[in-house]
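So the chains spell out like this:
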Amino acid sequence: MKVSGKTIVVTGAAGGVGRELVLQLLNKGAKVAAVDISAERLAETAKLANTKDLTTHVCDLSKLESVQALFEEVVKAHKTVDGIINNAGIIQPFIRVNELDYKKVELVMNVNFYGTLYMVKTFLPHLLERPEAHILNVSSMGGFFPVPGQAIYGASKAAVKLLTEGLYAELLPTNVNVTLVFPGAIETDIAKNSLGDNGMPKDLTSDEQPQMKMLKASEAAGIIIKGMEKNKFQVFAGKDSKLMNFIYKVNPKSAPKMMYKALKDRLG
């Protein structure tokens, strides 16, 4: 779906890839509803965009009622919606499942999986009424490649993967196209923490490990929008994501063993 002249909803729009998606969509002639839980950082995105074609919406994606209210806000502001980009997501602390607090488990699943599901189910009836529409969900290479210390994050993104693939099949006879994105390591604020933007440990790009250049957020956003405009089923954003996909397909049993060997000192 070409984005020019379309209205696109982007979640996680207050920074990183989400902000770049907003800015690049606007530059391509789209109207954008930018969504995030941070009003302050959304205001920064709006200031950078400096256009009436952008509206900002504060929303807690982990709560269904909040997403339903978002839908009403966006339709009131833009009249119609042609596409949604479910980019928002959070990572977990780098610890084993046995040590992870249930509240953190629930938060990761609620934001990453249920937030995506709520957005899809809330906006889909409207999208089905449009002449052409698009759903793009951002998973992670951590959603297909198992990483010890990130099992719940990976499970949430694997759930997004299967949900999106199922949607793709269900919506084949309709006007709604579906794209699934697997980002690799991306240069964003979250990369300052112990994990990369995709939830993969920085340990894997240390001096002792083979290194790959991290994608700039602007580059990742460009790849994602290009995949949307070409109606691609799957998009691997980054050489590392493509490589991990190949390794896991060739030898899925050795993949987690390789990750454990790389991370065992950190896991303890």
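Refer to the structure presented above.
Keep in mind it's a predicted model, so treat the numbers as computed, not measured.

How each quantity is defined
Residues numbered from 1 in each chain as written. Predicted model: local features only at pLDDT ≥ 70, side-chain atom pairs only at ≥ 80, totals over all residues. Heavy atoms only, no water. Helix = DSSP H or I, 4+ residues; strand = E, 2+ residues; numbered from the N terminus. Expected span 1.5 Å × (residues − 1). Buried < 20%, exposed > 50% of the residue type's maximum accessible area, 1.4 Å probe, protein only. Axes fitted to C-alpha atoms, helices over the stretch in contact; angles between N-to-C directions. Parallel < 35°, antiparallel > 145°, perpendicular 65-115°, else oblique. Left-handed = near helix turned anticlockwise from the far one by under 90°. Contact = heavy atoms within 4.5 Å. Nonpolar A, V, L, I, M, F, W, Y, C, P; charged D, E, K, R; others polar. Core = buried A, V, L, I, M, F, W, Y, C linked by side-chain atoms within 4.5 Å. Pairing = 2+ DSSP bridges.

Caption draft 1: Structural view of unusual backbone geometry. You will see that Asn-50, though not glycine, has its phi angle at about 50°, which is positive. Tracing the chain through its elements places Asn-50 in the loop between helix 2 (39-49) and strand 3 (54-58). One non-glycine residue, Asn-231, lies in the positive phi region at around 55°. Turning to its location among the elements, Asn-231 is positioned in the loop between helix 6 (217-229) and strand 9 (234-237).

Caption draft 2: Representation of helix 1 (residues 16-27). Given a rise of 1.5 Å per residue, twelve residues ought to cover 16 Å, and the 17 Å separating the end C-alpha atoms of helix 1 matches this to within 8%. Residues of helix 1 that are buried include every one of Val-17, Gly-18, Arg-19, Leu-21, Val-22, Gln-24, Leu-25 and Leu-26, and no others. Once helix 1 finishes, Gly-29 follows within two positions and takes phi at roughly 95°, a positive value.

Caption draft 3: Geometry of the packing of helix 4 (residues 102-127) against helix 5 (residues 151-170). In contact at an axis separation of 8 Å, helix 4 and helix 5 are set at 15° when each is read in the N-to-C sense. The pairing of helix 4 with helix 5 is recorded here as roughly parallel in orientation. The interaxial crossing formed by helix 4 with helix 5 has right-handed handedness. Between helix 4 and helix 5, the contacting residues are Val-105, Val-108, Met-109, Asn-112, Phe-113, Thr-116, Leu-117 and Val-120 on the first element and Ile-152, Tyr-153, Ala-155, Ser-156, Lys-157, Ala-159, Val-160, Leu-163 and Leu-167 on the second. Looking at the contact of helix 4 with helix 5, its residues break down into 13 nonpolar, three polar and one charged.

Caption draft 4: Region of the structure containing the nonpolar core. If you look at the biggest cluster of nonpolar residues, it comprises 31 residues, and the most contacted ones within it are Ile-8, Val-10, Leu-21, Val-22, Leu-25 and Ile-85. Put simply, the parts of the chain that give this core at least two residues each are strand 1 (7-11), helix 1, strand 2 (31-36), helix 2, strand 5 (133-138), helix 6 and strand 9. Looking at this core element by element, the count peaks at six residues for helix 6. Ignoring sequence-local partners within four residues, the contact set of Leu-21 consists of Val-10, Ile-85, Asn-87, Ala-221, Ile-224 and Ile-225. Among the nonpolar cores identified, the runner-up in size contains 27 residues, and Leu-70, Val-74, Ile-84 and Phe-113 belong to it.

Caption draft 5: Just the packing of helix 1 against helix 6, in detail. The N-to-C vectors of helix 1 and helix 6 enclose an angle of 60°; their axes lie 8 Å apart at closest approach. Taken together, the axis directions place helix 1 and helix 6 in an arrangement best described as oblique. For the element pair helix 1 and helix 6, the recorded crossing hand is right-handed. For the pair helix 1 and helix 6, the contacting residues are Gly-16, Val-17, Glu-20, Leu-21, Gln-24 and Leu-25 in the first and Ala-217, Ser-218, Ala-220, Ala-221, Gly-222, Ile-224 and Ile-225 in the second.

Caption draft 6: Structural view of the sheet that holds strand 3. Pairing in this open sheet of seven strands is parallel, and the strands run 3-2-1-4-5-6-9 from one edge to the other. Among the strands making up the open sheet, the edge pair consists of strand 3 and strand 9. Pairs of neighbouring strands in the sheet enclose a mean axial angle of 15°, with direction left out of account. Direction of pairing for strand 1 relative to strand 4 (residues 83-86): parallel, over a ladder of three bridges. Within strand 4, the residue paired with Val-9 across the bridge is Ile-84. The strands that helix 7 (residues 239-250) touches are strand 6 (176-183) and strand 9; relative to strand 9, the one it contacts most, it runs at about 115°.

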